[in-house]
Amino acid sequence: MQASGGRSQHTDGDADERAALQQVATLVARGASPPVIFNAAASALGRLIKADYTTINRCETDQTMSIVTLYCAPGVPEIKIPFGGRWPLKPDTASAKALRTHEPARRAAEAIHSEIGDWHRATNVGYVVACPVIVEDRLWGTMACLYIGSRPPPGDTEERMGRFVELLNSTIMQAETRAELIASRARLVADADATRRRIERDLHDGVQQHLIALTLQLRAAEANVPSGHDELRRQLTDTAEGLSDVLTELQEISRGLQPPMLARRGLPAAIKALVSRSPVPVELHIDACERLPEKFEVTIYYLISEALTNVLKYAHASAVRIDLKSDDSQIRLRVRDDGIGGADPARGSGLAGLEDRVQALGGTIQVTSPTGSGTSLAVTIPCPS
Ligand SMILES: Nc1ncnc2c1ncn2[C@@H]1O[C@H](COP(=O)(O)OP(=O)(O)OP(=O)(O)O)[C@@H](O)[C@H]1O
Ligand SMILES: [Mg+2]
């Protein structure tokens, strides 16, 4: 009887573990942001092990740990992430022992003498159990369960924690990989935007100014041509006009690089200017904040600009509708045309580039384009807080 009772308890434990793990895995599959995933992982472990506080700590290269998340169980006093989110990995901490031995380790707070011990005592934490997080054979960090009071946690805590953290390892790796991917995409897009701005400035301050000066010199020479040299005057006039054309072309190119209207008059005005140049009629609905941070405005501007260019080039559409909405939590943009459909990001670089831009801001883009039924571009970007 006893044996079967014990087994059934174990089975319940397994089911709890699976359910907790499932919640975290679902978030990963949905593409939730790494902080959301870490938070879910910490709360899943905390609930399972019945800890008062649970932290996830990442090893840094300078013998410190970054606290990537702190979960407080319901009903316990809320505490804030200490030490500005980064603490020195002192040898007498549970995390240090777990990382040394590659095994879960427990420490009584009274046996921890550094500032970490002081913090535990100040927050009434009596015990800490830490478990190493090993990602692809690399010591990534630790998950630590903290217990208020002097009663030690149950003897099987290390084993249960070890089992669950092992299951979580691949989830943490996926979240970490996604975070790195988002960061590297953001770097690429920011680099490209910075290069564009530099070229625009160089054109404006350098080449354009030089061309203007040359045109003025030519006009002066033209005015000084003595009478009777009509052919020479005509040549100078032609050359000066040619230079003016080059100047206009150059101004158009540099305007295309970074729309000055965007910086000067804001996103709605810049979108209206874009729309007014579209030969296909556009119905525009904007219900968005006047100003968003620059990288958000630039991304939305390029999304609409590329979508309208594609409509013109391929869609054979008679109408386009643009909806732009923003609230405290997200920005939503939809561009729809009633053309021939069949858009395929794999065939060009425009739509793929938009995907890079949107993902660099942690957002998503969906292209729906059934043949014969028009094309819709739906973008959601989480708002900057
Ligand atoms: N609105 C649309 N209607 C119909 N087909 C489209 C539409 N948008 C894109 N396409 C199709 O999808 C392909 C990919 O578009 P994408 O913008 O990625 O590349 P591109 O326009 O061909 O090149 P690039 O944007 O790099 O100059 C296009 O070549 C075109 O065949
Ligand atoms: Mg294109």
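Residues numbered from 1 in each chain as written. Chains lettered and ligands numbered in written order. Predicted model: local features only at pLDDT ≥ 70, side-chain atom pairs only at ≥ 80, totals over all residues.

### Observations concerning the overall build of the chain
Tallying secondary structure elements over the chain gives 10 helices and 11 strands in all. Expressed along its principal axes, the backbone C-alpha trace of the chain runs to roughly 120 × 50 × 35 Å. Across the 385 residues that make up the chain, the buried fraction comes to 29%. Contacts in the chain between residues at least 24 apart in sequence constitute 61% of all its contacts with a sequence separation of at least 6. (Helix = DSSP H or I, 4+ residues; strand = E, 2+ residues; numbered from the N terminus. Buried ≥ 20, exposed ≤ 12 C-beta atoms within 10 Å, placed from the backbone. Contact = placed C-beta atoms within 7 Å.)

### Quick look at unusual backbone geometry
Backbone geometry places H102, a non-glycine residue, at a positive phi of 60°. In this structure, H102 sits in the loop between α3 (94-101) and β4 (105-108). The phi torsion at H316 lies on the positive side, around 50°, for a residue other than glycine. Structurally, H316 is set in the loop between α9 (294-315) and β8 (320-326). Given 13 C-beta atoms within 10 Å, H316 falls into the partly exposed group.

### Some remarks on the environment of E17
Mapping E17 onto the fold places it in helix α1 (residues 2-29). Residue class for E17 comes out partly exposed when judged on the 18 C-beta atoms lying within 10 Å of it. Apart from residues no more than four positions distant in its own chain, E17 is found in contact with L48, F164 and L167.

### Some details on the domain arrangement of the chain
As a measure of interface size, the accessible area lost when the parts come together is often cited. For the chain, the domain assignment lists domain 1 (10-180), domain 2 (185-257) and domain 3 (260-382). When each unit is reduced to the centre of its C-alpha atoms, the spacing between domain 1 and domain 2 is 62 Å. (Domains from an automatic or database assignment.)

### Points about the site of ligand 1
In the vicinity of ligand 1, 19 residues are found, and the nearest of them are N310, A343, G348, G350 and L351. Considering every element that reaches the shell around ligand 1, the biggest residue donor is α9, with four residues. Grouping the constituent residues of the shell around ligand 1 by class yields eight nonpolar, eight polar and three charged. (Near = placed C-beta within 6 Å. Nonpolar A, V, L, I, M, F, W, Y, C, P; charged D, E, K, R; others polar.)

### Observations regarding the sheet that holds strand β6 (residues 138-148)
Sheet architecture is open: six strands sit in the order β3-β2-β1-β6-β5-β4, paired in antiparallel fashion. Looking along the sheet, the strands with just one partner apiece sit at the ends: β3 (86-88) and β4. Each adjacent strand pair in this sheet contributes to an overall mean axis angle of 30°, direction not counted. Summarising the sheet, strand β1 (residues 53-59) and strand β2 (residues 64-72) pair through seven bridges and their orientation is antiparallel. Residue R58 lies in a different strand from β2, and its bridge partner there is S66. (Pairing = 2+ DSSP bridges. Axes fitted to C-alpha atoms, helices over the stretch in contact; angles between N-to-C directions.)

### Remarks on the nonpolar core
Burial of nonpolar side chains together is a common tendency in soluble globular proteins. With 46 residues, the main nonpolar core has A41, L45, V128 and C145 as its most contacted residues. Elements supplying a minimum of two residues to this core: α1, α2 (34-49), β1, β2, α3, β5 (125-135), β6 and α5 (157-223). Take this core: its biggest share by element is nine residues, from α2. Discounting chain neighbours no more than four positions away, the residues touching L45 are T54, M143, C145 and F164. (Core = buried A, V, L, I, M, F, W, Y, C linked by C-beta atoms within 7 Å.)

### Examining the sheet that holds strand β10 (residues 364-368)
Strand order across the open sheet formed by five strands is β7-β8-β9-β11-β10, with mixed pairing between neighbours. A single partner strand is all that each edge strand has here, and the edge strands are β7 (282-287) and β10. Sheet twist, expressed as the mean angle between neighbouring strand axes with direction ignored, is 5°. By the bridge criterion, eight bridges tie strand β9 (residues 330-337) to strand β11 (residues 375-382) in an arrangement that is antiparallel. Bridge assignment links R336 to a residue of β11, and that residue is S376. Helix-sheet contacts for α9 involve β8, β9 and β11, and the interaxial angle to β9 is about 10°. On the sheet, helix α10 (residues 350-360) packs against β10 and β11 and is oriented at approximately 155° with respect to β10.

### A few points about the confidence of the model for the chain
One rule of thumb: low pLDDT means the predicted coordinates there are not for detailed reading. Of the residues in the chain, 93% have a pLDDT of 70 or more, and the chain-wide mean is 85. Within the model, the stretch residues 1-11 combines pLDDT values under 50 with zero contacts to residues more than four positions away or in other chains. (pLDDT = per-residue confidence, 0-100.)

### A word on the packing of α9 against α10
Where α9 contacts α10, the two axes come as close as 10 Å, and the packing angle between them is 165°. In terms of their interaxial angle, α9 and α10 are classed as roughly antiparallel. As for how α9 packs across α10, the hand of that crossing is left-handed. Along its contact with α9, which presents T299, Y302, L303, E306 and N310, the element α10 presents G350, L354, R357 and V358. For the contact of α9 with α10, the residue count by class is four nonpolar, three polar and two charged. (Parallel < 35°, antiparallel > 145°, perpendicular 65-115°, else oblique. Left-handed = near helix turned anticlockwise from the far one by under 90°.)

### Section: the packing of helix α8 (residues 267-276) against α9
Two elements in contact, α8 and α9, have axes whose closest approach is 10 Å; the angle formed by their N-to-C orientations is 15°. Classified by the angle between their axes, α8 and α9 sit roughly parallel to one another. In terms of crossing hand, the pair formed by α8 and α9 is right-handed. Together, L267, A270, I271 and L274 of α8 and E297, I300, Y301, I304, S305 and L308 of α9 make up the contact between the two elements. Classifying every residue of the contact of α8 with α9 gives eight nonpolar, one polar and one charged.

### Concerning α2
An ideal rise of 1.5 Å per residue puts 22 Å on 16 residues; α2 measures up with 22 Å between its terminal C-alpha atoms. In terms of residue burial, α2 counts as a mostly covered element, since 12 of its 16 residues are buried. For α2, the complete set of buried residues consists of P34, I37, F38, N39, A40, A41, A42, A44, L45, G46, L48 and I49. Just past α2, the residue K50 takes up positive phi, approximately 60°. (Expected span 1.5 Å × (residues − 1).)

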